[in-house]
Amino acid sequence: MKVLLLKDPKEDDCGQDPYIRLSHPEGYGGLIFTSPRAVEAVELCLEKDNKTEVWRKSLAEKWNAKSVYVVGNATASLVNKIGLHTEGENCGNAGKLAEYICSRESSALPLLFPCGTLKREILPKMLKDKGIPVESLTVYQTIPHPGIQGNLNSYYSQQGIPASITFFSPSGLTHSLKHIQELSGDNIDQIKFVAIGPTTAHALAAQGLPVSCTAESPTPQALAAGIRTALQSHGC
């Protein structure tokens, strides 16, 4: 049985330098990371500007005196790698994290939110509606991987129609759906579509695609369980 996983498209760093704001933790109430890519972009910035030592010796400690909110264990692991303690990783998605932050946050200072160009406004809007200021900082941009069409062509020519396709982001769907539809033809109804979370599931549904399963949490274990269920039944 063949299963095709479609991960995020290629993501490049933007020209905006997050270090300027990260070097002034006194101006913020805390940090928010909802994407592993945002953490990687921050880490690359520190390495590029030779600021890693300064970060680890003083700035990380100052940020650790504040709250560092994250979505998912994968993001939390990367944030821990750059020396920061995290909370909220078990919330599962940005909406639930926003609820968690609203239940705890009381600082009048804004929360710094390093993010990508395609970030959804759910979290910033929910926080602002509750009077919690947020300062978004774009640190990477999402672009289609140049090899996506060729890779899909190669997969379909060698493996045929996949039993399921898993999407890890709405942008992954946007940049691959046309190719999948062309390659699958009338057989697209045979494919079980699986989403990593509710945001991606909503994007699938908006395209008229049946969502066979949404992972209960953004973890490999939950995703694997969801795929197994989707392949064993008509849904989950």
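Residues numbered from 1 in each chain as written. Predicted model: local features only at pLDDT ≥ 70, side-chain atom pairs only at ≥ 80, totals over all residues. Heavy atoms only, no water.

So, about the packing of helix α5 (residues 94-104) against helix α6 (residues 122-129). Orientation of α5 relative to α6, taken along the N-to-C sense of each, is 25°, at an axis distance of 8 Å. In this view, α5 runs roughly parallel relative to α6, as classed from their interaxial angle. By crossing handedness, the relation of α5 to α6 is classed as right-handed. Across the interface between the two elements, A94, G95, L97, A98, E99, I101 and C102 of α5 pack against I122, L123, M126 and L127 of α6. (Axes fitted to C-alpha atoms, helices over the stretch in contact; angles between N-to-C directions. Helix = DSSP H or I, 4+ residues; strand = E, 2+ residues; numbered from the N terminus. Parallel < 35°, antiparallel > 145°, perpendicular 65-115°, else oblique. Left-handed = near helix turned anticlockwise from the far one by under 90°. Contact = heavy atoms within 4.5 Å.)

Along the polypeptide, E87 turns up in the loop between α4 (73-81) and α5. Using a relative accessible area of 17% as the deciding quantity, one classes E87 as buried. (Buried < 20%, exposed > 50% of the residue type's maximum accessible area, 1.4 Å probe, protein only.)

Okay, the pattern of salt bridges next. As enumerated under the stated definition, the model contains 5 salt bridges in all. For E53, the salt bridge identified is with K57, shortest N-O distance 2.7 Å. Taken as a pair, E53 and K57 lie in helix α3 (residues 52-64) at a separation of 4 residues, close to a single helical turn. On the accessibility criterion, E53 (51% relative accessible area) is exposed. According to the relative accessible area criterion, K57 is exposed, its value standing at 60%. (Salt bridge = Lys/Arg side-chain N within 4 Å of Asp/Glu carboxyl O.)

Okay, the layout of surface pockets next. What the largest pocket holds in volume is close to 1400 Å³. Contributing to the lining of the largest pocket are 45 residues, with T34, P36, F168, S169 and I196 lying nearest its centre. Residues of the lining of the largest pocket, tallied by class, amount to 19 nonpolar, 18 polar and 8 charged. Two domains each provide a minimum of three residues to the lining of the largest pocket, namely domain 1 (18-140) and domain 2 (147-231). (1 Å grid on protein atoms, 1.4 Å probe; cavity = no way out; pocket = protein on both sides within 12 Å on 5 of 7 lines; lining within 4 Å. Points joined across faces, edges and corners; volume = space filled by probe spheres on them. Nonpolar A, V, L, I, M, F, W, Y, C, P; charged D, E, K, R; others polar. Domains from an automatic or database assignment.)

Turning next to the pairing of strand β8 (residues 192-195). Here β8 shows two buried faces, one formed by K192 and V194 and the other by F193 and A195. Here strand β7 (residues 164-167) pairs with β8 via 4 bridges, running parallel. Residue I165 lies in a different strand from β8, and its bridge partner there is F193. In this view, the connection linking β7 to its parallel neighbour β8 by way of helix α8 (residues 170-184) has right-handed handedness. Judged from the 3 bridges that link them, β8 and strand β9 (residues 211-214) form a sheet pairing that is parallel. Bridge pairing links F193 to V211 in β9. Handedness of the β8-helix α9 (residues 198-206)-β9 crossover: right-handed. (Pairing = 2+ DSSP bridges. Right-handed = clockwise from strand over helix to strand, strands pointing away.)

This paragraph deals with the domain arrangement of the protein chain. Assigned domains within the protein chain: domain 1 (18-140) and domain 2 (147-231). Just the C-alpha atoms count here: the centres of domain 1 and domain 2 sit 29 Å apart. Residue-level contacts link 6 residues of domain 1 with 5 residues of domain 2. For the pair domain 1 and domain 2, the summed buried surface comes to about 450 Å²; carbon and sulfur atoms form 69% of the total. Area buried by domain 1 at its contact with domain 2 is led by G92, N93 and R120, which between them contribute 59% of it. Applying the counting criterion to the domain 1 and domain 2 interface returns 0 salt bridges. Residues that form the side of domain 1 that touches domain 2 fall into these classes: 1 nonpolar, 4 polar and 1 charged. (Buried area = accessible area lost by both parts, 1.4 Å probe.)

Before going further, it helps to examine the nonpolar core. Of all hydrophobic cores here, the largest spans 26 residues; its most connected members are L31, F33, W55, W63 and L84. For this core, the secondary-structure elements that each account for two or more residues are α1 (19-22), β3 (30-33), α2 (36-48), α3, β4 (67-70), α4 and β6 (134-142). The dominant element in this core, judged by the number of residues it contributes, is α2, at 6 residues. Those residues in contact with F33 that sit more than four places away from it in its chain are A38, V39, V42, V68, Y69, V70, V71, T75, V79, L84 and P114. (Core = buried A, V, L, I, M, F, W, Y, C linked by side-chain atoms within 4.5 Å.)

On to the packing of aromatic side chains, then. What the rule picks out here adds up to 4 aromatic pairs. With centroids separated by 6.1 Å and ring planes inclined at 75°, the aromatic side chains of Y155 and Y156 adopt a geometry described as edge-to-face. Per residue, the accessibility class of Y155 equals that of Y156, and both read buried. (Phe/Tyr/Trp six-rings, centres within 6.5 Å; stacked < 30°, edge-to-face > 60°.)

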